[in-house]
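# Chain and residue survey
Chain residues, written in single-letter form:
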Amino acid sequence: MGLFSPVHLCFLAASLLFCALCIFIGGRLEQKGRRRLLVILWAAFTFIELCKYIHYALHPETFNIKTGLPFHLCSVSLFTYPLAVFSNHKIFRNFIYAVNMPGAIFALITPDVGSSPVLSFYVLHLFIAHTFIVLIPLYMVCCGFFRPDYRVLPGVTLMLLATMLPALVLNKLIDSNYYFINGPVKGTLTGQLAEWTGDDAYILPMAGLLLAVWAMLYAPFAAADLIKGKEKTKPN
């Protein structure tokens, strides 16, 4: 499947439509219904992600310890999403919005599918799982479960570093590339950045890109809060 080929664009369109439909339905429900739908979306994502490991168990020849363990950013969603869905902790909820969601968006736009057939388990799982990773934080924001708060981004950064630690250790032990720390992957965003900067320096523009993404994700809410604050201080 070529990058931005008709098939790829169809997958992206289907992902976008599914997200829009779920948010539209959630917006028309009462609070209890919204909460119930959120739990259903999380359960569906968890089941889809676990299907990957069931597939590995049924087809052990497809498992590679250097790529198949849940230590990539999007696989970490298996652990961070229940923390966000079932707690009111701002850091957990902002983490899935500021870290997991952008990572999944880039994975959908530049998927690492190699020569896998379009209807293979790997390709279908990639697009379905990442669609849910994008959808859940968007749904939570649009349906009023939380409001993104840039003031907790330092805590989000610390949580990101904490989730990277197991990947760093594992990469050293088995020469893997979890979190794409050890090098870029051709055909993905990391590979494109490496073409511009070289394999040893692509992490720097990745960090800059993350900051730019955070600015886009949080600026509308920060601006709205600023305007609201000015209106409150206006004399009557």
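For the structure itself, look to the data block above.
Heads up: these notes are all about the structure in this document. These numbers were taken from a predicted model, which means no experiment stands behind them.

Below, the discussion takes up the environment of Arg147. Assignment of secondary structure puts Arg147 in the loop between α5 (121-142) and α6 (153-174). Of the residues examined, Arg147 reaches a relative accessible area of 43% and is grouped as partly exposed. Between the C-alpha atoms of Arg147 and Arg93, which are 54 residues apart in sequence, the distance is 9.0 Å. Separated by 3.3 Å, the side chain of Arg147 and the backbone oxygen of Phe221 make a polar contact.

So, about the layout of surface pockets. What the largest pocket holds in volume is close to 1,500 Å³. If you trace the largest pocket, you find 50 residues lining it, with His72, Leu73, Cys74, Tyr179 and Phe180 closest to the centre. For the lining of the largest pocket, the elements supplying multiple residues, two or more each, are α2 (31-58), α4 (90-109), α5, α6, α7 (189-197) and α8 (203-233). Its residues assigned to classes, the lining of the largest pocket comprises 32 nonpolar, 14 polar and 4 charged.

Positioned with a positive phi, Asp175 is a non-glycine residue whose angle comes to about 60 degrees. In this structure, Asp175 sits in the loop between α6 and α7. When its relative accessible area of 57% is taken as the criterion, Asp175 is described as exposed. Phi at Phe180 takes a positive value of approximately 55 degrees, unusual for a residue other than glycine. Summarising the element assignment, Phe180 is placed in the loop between α6 and α7. Residue classification places Phe180 among the partly exposed residues on the basis of a relative accessible area of 27%.

Let us look at the packing of aromatic side chains. A full pass over the atoms with the stated rule returns 10 aromatic pairs. Geometrically, the ring pair formed by Trp42 and Phe86 is edge-to-face, given 4.9 Å between the ring centres and 90 degrees between the ring planes. Highlighted residues: Trp42 in helix α2 and Phe86 in the loop between α3 (77-85) and α4, separated in sequence by 44 residues. The class for Phe86 is partly exposed, based on a relative accessible area of 44%. Aromatic side chains Phe45 and Tyr81 sit 5.6 Å apart centroid to centroid with 45 degrees between the ring planes, which places their arrangement in the tilted category. Note that Phe45 is positioned in helix α2 and Tyr81 in helix α3, a separation of 36 residues in sequence. The exposure class assigned to Phe45 is buried, which follows from its relative accessible area of 0%. Counting every residue linked through ring pairs, the aromatic cluster contains Tyr53, Tyr56 and Phe63.

Basis of the calculations
- Residue positions are counted from 1 within each chain, in the order its sequence is given.
- Restriction of local features to residues with pLDDT of at least 70 applies here, the model being predicted, together with a cutoff of 80 or more for giving and counting side-chain atom pairs; totals for whole chains, interfaces and linings are based on all residues.
- No hydrogens and no water enter the side-chain calculation; it runs on all heavy atoms of the structure.
- Only DSSP runs of H or I reaching four residues or more are called helices, and only runs of E reaching two or more are called strands; each is numbered from the N terminus.
- Relative accessible area decides the class of each residue, using a 1.4 Å probe on protein chains only: under 20% of the type maximum gives buried, over 50% gives exposed, and in between gives partly exposed.
- We define a polar contact as two N or O atoms separated by no more than 3.5 Å, with the added condition that, inside protein, one atom must be a possible hydrogen donor and the other a possible acceptor, whereas residues neighbouring each other in sequence contribute only through side-chain atom pairs.
- Only protein atoms enter the 1 Å grid, on which a cavity is a set of points fitting a 1.4 Å probe that cannot get out and a pocket is an open set with protein on both sides within 12 Å along at least 5 of 7 lines, lining residues being those with an atom within 4 Å of a point.
- Grid points are joined across faces, edges and corners, and a volume is the space filled by probe spheres set on the points.
- Charged means Asp, Glu, Lys or Arg here, nonpolar means Ala, Val, Leu, Ile, Met, Phe, Trp, Tyr, Cys or Pro, and polar covers whatever is left, Gly included.
- Working definition: a ring pair exists when centres of Phe, Tyr or Trp rings (six-membered ring for Trp) sit within 6.5 Å. Plane angles under 30 degrees give stacked, over 60 give edge-to-face, the rest tilted.

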